[in-house]
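# Structural overview for review
Residue strings, one per chain:
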Amino acid sequence: MRSEPGAPTLANMSAPPRSTVMLPRLVAGAPIEHDAAGGSARSHHPALDVPVGPGGGRLLSQALCLARVELPTAFCADLRLSYGALMQMGPCGLALALLAVSRHSSETGPARSCAARVELGRIAGMPASELACELSVRLLAIEWPAWVPRIAVAMPLGSDPDCGVDRRRPPDPPRGITCALLAARVVAALRGPVFMRDAAPALGYLLDPIGSTKPSGTWELWLPVRPGTVRPPATAPLMSNHVTNREAP
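What this report covers is the structure whose coordinates are included nearby. (Residues numbered from 1 in each chain as written. Predicted model: local features only at pLDDT ≥ 70, side-chain atom pairs only at ≥ 80, totals over all residues. Heavy atoms only, no water.)

## Side note on the overall build of the protein chain
Note the following rule: Runs of E in the DSSP output that reach at least two residues are strands. Runs of H or I that reach at least four are helices, and both are numbered from the N terminus. Exposed residues in this analysis have more than 50% of their type's maximum accessible area, buried residues have under 20%, and partly exposed residues fall in between, with area computed by a 1.4 Å probe over protein chains only. Contacts: residue pairs with any heavy atoms within 4.5 Å of one another. Shrake-Rupley sampling with a 1.4 Å probe provides the accessible areas, and residues are treated as covered by the protein chains on show and by no other component.
Check the secondary structure of the protein chain and you find 8 helices and 5 strands. The order of α-helices and β-strands along the protein chain, N terminus first, is α-β-α-α-α-α-α-β-α-β-β-α-β. The buried share of the protein chain, taken over its 249 residues, is 41%. Sequence-distant contacts in the protein chain: of pairs separated by 6 or more residues, those separated by 24 or more amount to 76%. With an accessible surface of roughly 14100 Å², the protein chain has 59% of that area assigned to carbon and sulfur atoms.

Structure follows, in structure tokens:
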């Protein structure tokens, strides 16, 4: 077939050459010795003390783990529900339950759990659009703890690693964030592999994080660092999971 003058050919339609970038593998390195001023042999800059949240503290060669979030586990442990009961709520069940909890966030202990369950029965038939609107507003009203970074790498861990747990009983508190609302706020700030603190809440991960057979919704937040620029925490500090809500409807 003849081509018209100026028509594209295979040669000028082909994609340009692509470059291959090699990134260093993240491995656990030897402890970095810091001098009295906080510097190290690998960096000319003083090492910074980076605050970490619940489940954080691991330092690899190029990254620091800031926190761990296990949303379904945090929710079930917080309200003393089983995984099975959560899975029976359906795709929007967790979002409805989080809204019920947020409406009674000022209460504590068994009273909050009881009030949230009664509230869940009242809003069970709420339209999805109203659910998304109110839940977004209430999540925005949660103040960020001091350790939360503006941006971080979100590493999805898929299904809960404790696949042998009894789904008929409430689970133990997770190794990371234990407050269900704070866990949901963190998850609502995920944009794929990126955590963005100042972004508006996205509810995609809150609609059906359970899956068909295993509880999922587990992530870790990581901060890329250069070797020697942060101090490795001696132990992961116990951070408060208290949630402070700004005024919400």
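## Observations concerning the sheet that holds strand S3 (residues 190-191)
Across a sheet, strands are paired by hydrogen bonds formed along the backbone, either parallel or antiparallel in direction. For clarity, the threshold we go by: If DSSP finds at least two bridges between two strands, the strands pair.
Strands sit in the order S1-S5-S2-S4-S3 across an open sheet of 5 strands; the sheet is antiparallel. Edge positions in the sheet fall to strand S1 (63-70) and S3, since each of these pairs with one other strand and no more. Looking at chain direction, S3 and strand S4 (residues 194-196) are connected through 2 bridges and run antiparallel. Counterpart to Leu-190 in the pairing with S4 is Phe-195.

## Here's the deal with the nonpolar core
Put simply, the rule is: To form a nonpolar core, buried Ala, Val, Leu, Ile, Met, Phe, Trp, Tyr and Cys residues must be joined to one another through side-chain atoms within 4.5 Å.
Residues Phe-75, Leu-98, Leu-135, Leu-139, Phe-195, Leu-206 and Leu-221 are the most contacted members of the largest nonpolar core, which totals 49 residues. Here this core takes 8 residues from helix H4 (residues 93-103), the largest share from any one element. Not counting residues within four places of it along the chain, the set of residues in contact with Leu-135 comprises Ala-95, Leu-98, Leu-99, Leu-203 and Leu-206.

## Some remarks on the pairing of strand S5 (residues 218-224)
Buried residues dominate S5, accounting for 5 of its 7 residues. Bridge analysis of strand S2 (residues 151-158) against S5 gives 5 bridges, and the strand direction is antiparallel. By the bridge assignment, Val-153 is partnered in S5 with Trp-222.

## Topic: the pattern of salt bridges
How we decide: A carboxyl oxygen of Asp or Glu within 4 Å of a side-chain nitrogen of Lys or Arg is what we treat as a salt bridge.
Across all of its chains, the model carries 9 salt bridges by this definition. One connected set of salt bridges, linked through shared partners, spans Arg-103, Glu-119, Arg-122, Glu-134 and Arg-138.

## Here's the deal with the environment of Ala-116
Mapped onto the elements, Ala-116 comes out in helix H5 (residues 109-122). On the basis of relative accessibility, which here comes to 3%, the residue Ala-116 falls in the buried class. Separated by 16 residues in sequence, Ala-116 and Ala-100 place their C-alpha atoms 5.1 Å apart. Apart from the residues within four sequence positions on either side, Ala-116 is in contact with Leu-79, Ala-100, Val-101 and His-104.

## Concerning the packing of H4 against helix H7 (residues 180-187)
Note the threshold: Comment: axis = line fitted to C-alpha atoms, over the contacting stretch for helices; angle = value between 0 and 180 degrees taken between N-to-C directions. The cut-offs work like this: below 35 degrees is roughly parallel, past 145 is roughly antiparallel, 65 to 115 is roughly perpendicular, and the gaps in between are oblique. For any pair of crossing helices, the crossing counts as left-handed if the nearer helix is rotated counterclockwise from the farther one by less than a right angle, and right-handed if it is rotated clockwise. Note on residue categories: nonpolar means Ala, Val, Leu, Ile, Met, Phe, Trp, Tyr, Cys or Pro, charged means Asp, Glu, Lys or Arg, and polar means any other residue, Gly included.
The geometry of H4 relative to H7 is characterised by a closest axis approach of 10 Å and an angle of 125 degrees between their N-to-C directions. Compared by their axis directions, H4 and H7 come out oblique. In this structure, H4 crosses over H7, and the sense of that crossing is left-handed. Residue-level inspection shows Leu-98, Val-101 and Ser-102 of H4 in contact with H7, the latter providing Ala-180, Leu-181 and Ala-184. Along the lines of polarity and charge, the residues of the contact of H4 with H7 split into 5 nonpolar, 1 polar and no charged.

## Examining the packing of H4 against H5
Put simply, H4 and H5 touch, their axes get as near as 8 Å, and they point 125 degrees apart. Judged by the angle between their axes, H4 and H5 are oblique. In terms of crossing hand, the pair formed by H4 and H5 is right-handed. Packed against H4, whose contacting residues are Leu-96, Ala-97, Ala-100, Val-101 and Arg-103, the element H5 presents Arg-112, Ala-116, Glu-119 and Leu-120 at the interface. Tallied by class, the residues present in the contact of H4 with H5 amount to 6 nonpolar, no polar and 3 charged.

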